[in-house]
Amino acid sequence: MVTMVDRVRLLDVETRDQRVWRILSAVADPEIPVLSIVDLGIVRHVRWSTDDEPEIGLTPTYSGCPATDFIRDSVRHALSVNGYPKAHLVEVLSPPWSSTWISEAGRVKLKDYGIAPPNCTTEAVGNPVCPRCEGSANEAVELISEFGSTPCKALYRCCVCLEPFDYFKPF
Amino acid sequence: MSRASVVPVSVDFAQTERFRYVLRLADTSLILGQRLSEWVGHAPALEEDLGVANISLDLIGQARMLLSYAGEIEAAGRDEDQLAYLRDQNDFCNLALVEQPNGDFGCTIVRQVLIDVWQLELLSWFDASTDQRLREIAAKAVKETRYHLRYSSGWLVRLGDGTEESHTRVQTSLNDLWKFTTELFTPDEIDRLAENAGVAPNLNVLRGSWLHRIDEILNEATLTRPDDVPYVWFGKRGEHTEYLGHLLSDMQYLQRAYPGVTW
């Protein structure tokens, strides 16, 4: 049984890595606010110069993603107000971001938000499942637009419930 | 035989040449991205507005990575913004094809297919380049380019194999634009040095795979490949058609009118 004392002790021993990852987990993606940047898989590493100077490696989803600068500002702000004003942000290009890096929790959040999560491969094959009918409409969807409201999404329509929905493209 | 294992990064491909080579790639992406953005708010349908805008955005993102890299190679203190906004027409070294006016939507699609296949072949090749930074940028960009080509080739097939009117229009655009494709595969000194250093592919080999894919698409679109034209525009050497100046005056207006302005 975990007692309150144990819990306090567990909190006490939160490492500096855990602490920074926890802070980053609260930074939302500006385009899909239900997802954190950790869910999205764009935080590549946390390293340390000294105890109060973490280095955060961030990778862009798409080359031209307009949210990139906004995300950097959000990360800098979140770390600053949580005790790391000297945090250092670096851009990591390689290996390139892939939609397979979206966490399992992230995929569930996407679906609940009404965006079909990407099919698991990185190639653009197969149809998404309507996030509203949850599979009863399997395959019965049609592509409205190869490119959607952001570079990472395509627009589909469900042929059963007739609702349009965003599809997070496999990438 | 793999180039990478035979030819190490050569002293022959010095800083100046590497800078020029990367700048060519950057300018080609930047100018095409700028051209495509002219469609925003004017495309035939909302879906096409989104499609073209997103492709434009990807290209400008790729240009930013390449311009930053070029600026680092040059080591003269110029960053991506200075390279994009403070150079004159003759200093731009994009392919002449990408500065051509958009024309009608079909014409834009023809130009896009020609350049998408070229980019896809080139970026895929960069996986074996001796230039690590190019490898990294290309690994990211190639995934985006696949989507671009899906979009552009899908439209070319629909328009080419569509009505008599749409067929005639895209065939006419193809005939008009074909002459600009000679430049893509005609190497100059910098291309040769880049190839020798294992940084870039042999352009004749690249042309083979490009032509193969282009023929497949044209065939499906019931279009006829025009005859090759020997005359070559060397946009990559700063010899441009009349259209680039107008594009730059639009793209660079703000920095020229209000030097150093930020927001």
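Counting starts from 1 at the beginning of each chain's written sequence and moves along it residue by residue. The lettering of chains begins at A and the numbering of ligands begins at 1, in the order of writing. Predicted model: local features are reported for residues with pLDDT of at least 70 only, side-chain atom pairs are reported and counted for 80 or more only, and whole-chain, interface and lining totals are derived from all residues. In computing side-chain properties, one takes all heavy atoms of the structure into account and sets aside hydrogens as well as water.

Enquirer: I'm lost on the overall build of chain A in this one. Help?
Expert: Secondary structure elements are defined from DSSP: runs of H or I of at least 4 residues count as helices, runs of E of at least 2 residues count as strands, and each element is numbered from the N terminus. Helix and strand counts for chain A come out as five helices and seven strands. Its helices and strands in sequence order give chain A the pattern α-α-α-β-β-α-β-α-β-β-β-β, from N to C terminus. Relative accessibility thresholds used throughout: buried, under 20% of the residue-type maximum; exposed, over 50%; partly exposed, between the two (1.4 Å probe, protein chains only). Across the 171 residues of chain A, 44% fall into the buried class. If you take every contact in chain A between residues at least 6 apart in sequence, the share linking residues at least 24 apart comes to 52%. Counting only carbon and sulfur atoms, one obtains 54% of the accessible surface of chain A, whose full area is about 8,600 Å². What makes two residues a contact is simply this: any of their non-hydrogen atoms within 4.5 Å. The Shrake-Rupley method, run with a 1.4 Å probe sphere, supplies the accessible areas, and residue values consider only the shown protein chains as cover.

Enquirer: Hey, could you run me through the nonpolar core in this one?
Expert: The nonpolar side chains of a soluble globular protein tend to be buried, and buried together. Core analysis: the biggest nonpolar cluster contains 116 residues, and Tyr 21, Trp 118 and Leu 156 of chain B have the highest contact counts within it. For each domain, the first and last residues come from an automatic or database assignment. Per-domain counts for this core show at least three residues from each of domain 1 (15-97) and domain 2 (102-168) of chain A. Those residues in contact with Tyr 21 of chain B, other than ones at most four positions away along the chain, are Phe 13, Leu 122, Phe 126, Leu 134, Ile 190, Asp 191, Ala 194, Val 199, Ala 200 and Pro 201 of chain B. For this analysis, a nonpolar core means a set of buried residues of the types Ala, Val, Leu, Ile, Met, Phe, Trp, Tyr and Cys, connected via side-chain atoms within 4.5 Å. Judged by nonpolar contacts, the second largest core, of nine residues, contains Cys 130, Cys 133, Tyr 156 and Cys 158 of chain A.

Enquirer: When you look at helix α11 (residues 243-251) of chain B in this model, what are you seeing that I'm missing?
Expert: Residues that lie three or four places apart on an α-helix share one face, since the helix turns once every 3.6 residues. Residue and element names in this part refer to chain B. Along α11, the positions that sit buried rather than exposed are Leu 244, Leu 247, Leu 248 and Met 251. For α11, the buried positions fall inside an angular range of 100° around the axis, keeping them on one side. Along α11, the residues that are exposed and aim more than 90 degrees away from the buried face are His 246 and Asp 250. Contacts from the buried residues of α11 go to α2 (15-37), α4 (80-85), α5 (96-99) and α12 (253-257). In this description, one arc is meant: the one made by directions from the helix axis to the C-beta atoms.

Enquirer: What should I look at first to understand the domain arrangement of chain A in this one?
Expert: When the parts of a complex come together, some accessible area is lost, and that lost area is often taken as the interface size. All names here are of chain A. Split by domain assignment, chain A resolves into domain 1 (15-97) and domain 2 (102-168). One C-alpha centre belongs to domain 1, the other to domain 2, and the line joining them spans 26 Å. Between domain 1 and domain 2, the contact holds nine residues from the first and 13 residues from the second. Defined in terms of a 1.4 Å probe, buried area is the accessible area two parts forfeit on being brought together, summed over both. Around 1,000 Å² of area is buried between domain 1 and domain 2 when both sides are counted, 72% of it from carbon and sulfur atoms. For domain 1, the biggest contributors to the area lost against domain 2 are Ile 32, Val 34 and Asp 39; these three give 46% of the whole. What counts as a salt bridge is simple: a side-chain nitrogen of Lys or Arg found within 4 Å of a carboxyl oxygen of Asp or Glu. Taken together, the links from domain 1 to domain 2 amount to one salt bridge. Taking the shortest distance from any N to any O, the salt bridge between Asp 39 and Lys 109 comes out at 2.6 Å. Contacts described as polar in this section are N or O atom pairs within 3.5 Å, which, within protein, must combine one atom able to donate a hydrogen with one able to accept it, while residues neighboring in sequence count only if both atoms come from side chains. Viewed at the interface, domain 2 and domain 1 are joined by two residue pairs in polar contact (both at pLDDT 80 or more). A per-class count over the side of domain 1 that touches domain 2 returns seven nonpolar, no polar and two charged. Gly falls in the polar group here, along with every residue not listed as nonpolar (Ala, Val, Leu, Ile, Met, Phe, Trp, Tyr, Cys, Pro) or charged (Asp, Glu, Lys, Arg).

Enquirer: How do you make sense of the interface of chain B and chain A when you look at a structure like this?
Expert: At the junction of the two partners, chain B supplies 22 residues and chain A supplies 24 residues. Together chain B and chain A conceal approximately 2,100 Å² of surface at their shared face, both sides included; 60% is due to carbon and sulfur atoms. Summed over the three residues of chain B that lose the most area to chain A, namely Lys 140, Lys 143 and Tyr 147 of chain B, the buried surface amounts to 33% of that side. Summed over the shared surface of chain B and chain A, the result is one salt bridge. In this structure, Glu 146 of chain A engages Arg 150 of chain B in a salt bridge whose closest nitrogen and oxygen atoms are separated by 2.5 Å. Across the chain B-chain A interface, the total number found is eight residue pairs in polar contact (both at pLDDT 80 or more). Mapped onto the side of chain B that touches chain A, the elements with two or more residues apiece are α3 (46-74) and α7 (132-160) of chain B. The class makeup of the residues in the side of chain B that touches chain A is eight nonpolar, five polar and nine charged.

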